[in-house]
Every structure is written in structure tokens, then in C-alpha cells.
Amino acid sequence: MSSLGHRLVTAWVQLGPRFLPFADAATAELPIGRLLRLSLFQVSVGMALVLLVGTLNRVMIVELGVPATLVGAMIAMPLVFAPFRALIGYRSDTHRCELGWRRVPFIWKGTLLQFGGFAVMPFALLVLAGKGHAADAPVWIGYLAAGVAFLLVGAGVHTVQTAGLALATDLAPVESQPRVVGLMYVMLLAGMIVSALVFGAALQQFSPGRLVQVIQGAALATMLLNAVAMWKQEARQPRRGAVAPAPDPAFHESWASFCAGENTVRRLVVVGIGTMAFGMADILLEPFGGQVLRMTVGTTTKLTALLAFGGLLGFGYASHALSRGADPFRMARFGALLGLPAFALVIVAAPVDMPWMFLVGNFLIGAGGALFGHGTLTATMNRSPKEQAGLALGAWGAVQATGAGLGIALSGTIRDLVNAALGAFHGPWGLVQAANGYMVVYVLEIVLLLLTIAAIAPLTRRTADRRVEPTAGFSVGSDFAPAAPCASDPRGSPAT
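Values in this document were obtained by computation on a predicted structure and should not be read as measured data. Residue indices follow the written sequence of each chain, beginning from 1 at its first position. Thresholds applied to this predicted model are a pLDDT of at least 70 for local features of residues and 80 or more for the giving and counting of side-chain atom pairs; totals over whole chains, interfaces and linings are not thresholded and use all residues. Think of the side-chain values as coming from all heavy atoms in the structure, minus any hydrogens and water.

Enquirer: For this particular structure, what's the right way to read helix α6 (residues 104-129)?
Expert: For an α-helix, 3.6 residues make a turn, and residues three or four places apart therefore share a direction. Its 26 residues give α6 an end-to-end C-alpha distance of 38 Å, which sits within 8% of 38 Å, the value for a rise of 1.5 Å per residue. To get the bend at a given residue, fit one axis to the seven residues ending there, fit another to the seven starting there, and take the angle between those axes. Strands are runs of DSSP state E lasting at least two residues, helices are runs of H or I lasting at least four, and both sets are numbered from the N terminus onward. Most pronounced at M121, the bend in α6 amounts to some 40°, and the proline P122 follows within four residues. Looking one or two places after α6, you find G130, whose phi comes out positive at around 70°. The length a helix should cover is 1.5 Å for every residue beyond the first.

The following block contains the structure:
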């Protein structure tokens, strides 16, 4: 190779980690190609979230005429399995099979559950709404079929994501875990963005037949993405001829050991309240755009893409800062603070008739939620012992998903109750009557964000007490100054 060619290759290699997103997440043990392939399970999860929280909630409320309370309950039904994420993580920590896999069997079972739920969901929704040939069908059939479909998808999503993140934690070295977490959630948001754009374009001219095609296409894509993601990821460790392992502790013993960690309960409370604060808007932003701001189905579906784009940038920034030693709880607090002006913009957009303010608010909600989620998840990973990675991630996921589910269920219920109580009264500032319920929910979300900021304050004070002298790029007064290693952390990871 010539001298010039050698210099060009060297310069390109040096530029890669600096300018290619998350290129520095790869290691010798986990190359970038294998890491990207593993992250495809997050793409399938993002696609499911867009369908459940974005596209289908708008379609059910506006096109199919299903009450928002029933829609909120249906979308929240997958969260019935959220508390079991800790158990799923524990079982994947201790699972033994003849092939020697721990995580892969759970990813596969979750994939089958998602596929089954999506396969029957479109027909269940049409029966639920009493459309077409289902107009004379008994109502209970629609309720039962839709409930089972949403439960199957929810169980599959929780299982796939819990086991997949645990597998990523097993494969990634400790020092690269914040970047791996960032990449995993960037792929989640990338899946949401692409899915929202595809679903929005496919449903621009809505029809029951097109709805069936879109949802069953998502079922097939889920199966393919997850199969590629888990192919040759987890090393086989056959049991034949191996030394008999020591008995695993029972679930209640592992859970007691996990909860005995420093500030574990407060950390989970912060995750729950903050997630509920951001999650209450999930099923209302698109209907709000349709009913109050008079947006079309295609336009409101693209709001999910805008929300995910904000989250994409938020995860990118959080991953960069946390990989340099930033405090995860200060990052989470910054995300909660960013949510305050975001919801204020959403509230103000309707009376001043400026849709761009609504769009900016959506973007900031996505960015704030990403900063909050990345911060709390990184803190959980840093605190979890290696043998309890699945349990710790399951506990975080259980609280996070339960908070999101409660937020979704409460938001639809509160909206309907407020609108029913106020009757035909116009909304504030002369808006349509439907705006009353939306405004109450958005104000409540601001209150929950303030409670989150108050609950996280003791955690940021404790990490500030451990702070070491600042390194290059961080000032003493910076909210994201690196913290000293916690003496109680056996792995020497950053204090949280």
C-alpha cells in the first residue's frame, strides 16, 4: 500500500469512532456487526409499541369510534405482565437447558407470543368496533378476542426485551455497557421511526382490509427480525460432562438480596413516577392532534416518528455523556426538567392555533423521556451484580412498564371522565369540548414530573458527595460531572 493510501486508511479508522454513532460501543468480544444484529430485537419491540400506542389507538378512537376509556384499557392490558419482568429476568439468569442457552429460549418464546397476538389482532379490533360483517356479532367476542391479542403481544414484548437486554449485558464488557444501552435504545427508536412512517403511509387511505394487512405484516416482520437477532449470539454450554453447578437461590432470596442494595426502593420509585409522567401522553397526543388540531391519520401517525426522533437524539447525547463518566441520576433529572416546557408547549399550541408548537413539544417529550430512561437504566446496570443482571433489568423493566401502563390507563379514563363531567361546555380559550380532558391530563403530567424531580434530588446529592476532581471536558459545577467509583460496587462501576 502506498504511503498516501496508508494515511487515508488510518485517518478513516480514526474518524469512525468519533463520527459514526455508537461505533465505540463495539469491542473485540462484541464486534459492531454482531452488536447491530443483536439490537434488531429492539426494532421489533419499537414496531410493536408504535402499533399499540400510536397507530392503533388513533384508529380505534377516531376511525373505529371506540371510547377512549376502552382504548386505554386495551392498550394498558399488555402491562399486566409488566410486574413479571423481574421473574422473567430471574428465570433467564438461572435457566438451564441441554443446549446450554439461558437467554435465547426466552427471546424465542416471546417472539412466538408476539406473532400470535398480531395474527389475530386486526380481526379482533374489527369485531370490537362492530364494523362490516361483525356488526351483528356479540359484543363479548370482540372484547375477549381483543383482550387476548393485546395480552399476547404484551407478554411477548416484555419477554423479548428483558431477555434481550440481559443477553446484551452478558456479552458487553462493563466499560462499554452505557454505550451498548444507548445503541439498544437508539435501535428501538429507529424501529419506531421507520415503523411510524411505514404505517402512516400504508394507512393514509384507511380501510379494514388495509388494517389487516398492516398488522399481519408486522407479525411476519417481528418473526424475521428476532430470528436474525438471536442467531449465533449466545454461546452454547452443553451440560453433558459439565460439573454440576451449585443450586441457584430461590426468587424471593434473590429479590431480597437485590432490594438490600443502596437506595434500591427510591430508585424504583423514581423510575415509576417519571415513566408515568411521560407515559400518560402516549395515547393522547395523536387523538389530540386529530380532534383539537384537526390533523389527518397520516399526519398524526408521523407524530410518533417525531417523538422517536427526539428520543433518538436524547439517547445519543446521554450515551455520549454517560460513557465519559456522567452521573446517570443527574441525566435522568435533566430529562424530567426538559419535560416541563415540552408539555407546556403542547398545552399552549391549541389556543394560539400554532401546530408547530405542538410538534416542538412532541419532540421535547421524546428527548426528555430518552434522557430519563437512559439515565435510570444505566444506573440499574451499574448497580447490578453480574449474576443478577437479568433480575435487575427485569425489576427496572417491571416498574417502568407498570408506570407506563398505569399512565396510559389513567390518561384515557381521566380524559373521558372530565369530558363527561363538563358536558357540552367548551374547552378553555374557546376550544372544542373534547379539549377539556386533554388539558387536565397534560397538567397532571407536569405535576408528576415535579414529583419526580423532588424524588430524585437525594440521589443526586449522594452522588455529588462522592464526586472526584473533574477531568477534562467537565466543570466542577456541571450537572454531568463524573462521579467517583462506589466502594460498595464490586465491579468498580461509576457510583449511582
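Enquirer: Got a minute to help me understand the nonpolar core in this structure?
Expert: Nonpolar side chains in soluble globular proteins tend to end up buried together. Residues enter a nonpolar core if they are buried and are Ala, Val, Leu, Ile, Met, Phe, Trp, Tyr or Cys, with the set joined through side-chain atoms within 4.5 Å. The rule is simple: take the accessible area with a 1.4 Å probe, protein chains only, and divide by the maximum for that residue type; under 20% is buried, over 50% is exposed, in between is partly exposed. Counting 120 residues, the largest nonpolar core has M121, F288 and Y442 as its most contacted members. Pairs of residues are marked as contacts when any of their non-hydrogen atoms sit within 4.5 Å. If we skip the residues at most four places from it in the chain, M121 touches L52, L56, A149, F150, V153 and I215. Of all hydrophobic cores here, the second largest spans six residues; its members include L322, A326, M331 and L371.

Enquirer: Would you take a moment to explain helix α5 (residues 85-94) for this structure?
Expert: In terms of burial, α5 is a largely internal element, eight of the ten residues being buried. Residues R85, A86, I88, G89, Y90, S92, D93 and T94 constitute the buried set of α5.

Enquirer: In this structure, what is going on with the packing of helix α11 (residues 264-279) against helix α14 (residues 328-349)? I would like to understand it.
Expert: The description of two packed helices rests on the angle between their axes and on the distance between the axes. Running from amino to carboxyl end, α11 crosses α14 at an angle of 25°, the nearest separation of the two axes being 11 Å. Put simply, α11 runs roughly parallel to α14. Considering how the two elements wind past one another, α11 and α14 form a crossing that is left-handed. Residues R267, A277 and F278 of α11 pack against F329, G335, A336, G339 and F343 of α14. Angles here are taken between N-to-C directions and fall from 0 to 180 degrees, while the axes themselves are lines fitted to C-alpha atoms, restricted in helices to the stretch in contact. Note on angle classes: values under 35 degrees are labelled roughly parallel, values over 145 roughly antiparallel, values of 65 to 115 roughly perpendicular, and the remainder oblique. Take the far helix as your reference; a near helix turned counterclockwise from it by less than a right angle gives a left-handed crossing, and one turned clockwise gives a right-handed crossing.

Enquirer: What is the right way to read the pattern of salt bridges from this model?
Expert: One side chain can pair with another of opposite charge once the charged atoms of both are near each other. Salt bridge, as applied in this entry: a Lys or Arg side-chain nitrogen positioned within 4 Å of an Asp or Glu carboxyl oxygen. Going through the model one piece at a time under the given rule, you end up with two salt bridges. Linking R415 and D416 is a salt bridge whose minimum nitrogen-to-oxygen distance equals 2.9 Å. Of the two residues, R415 and D416, neither departs from the other in class, the shared state being buried.

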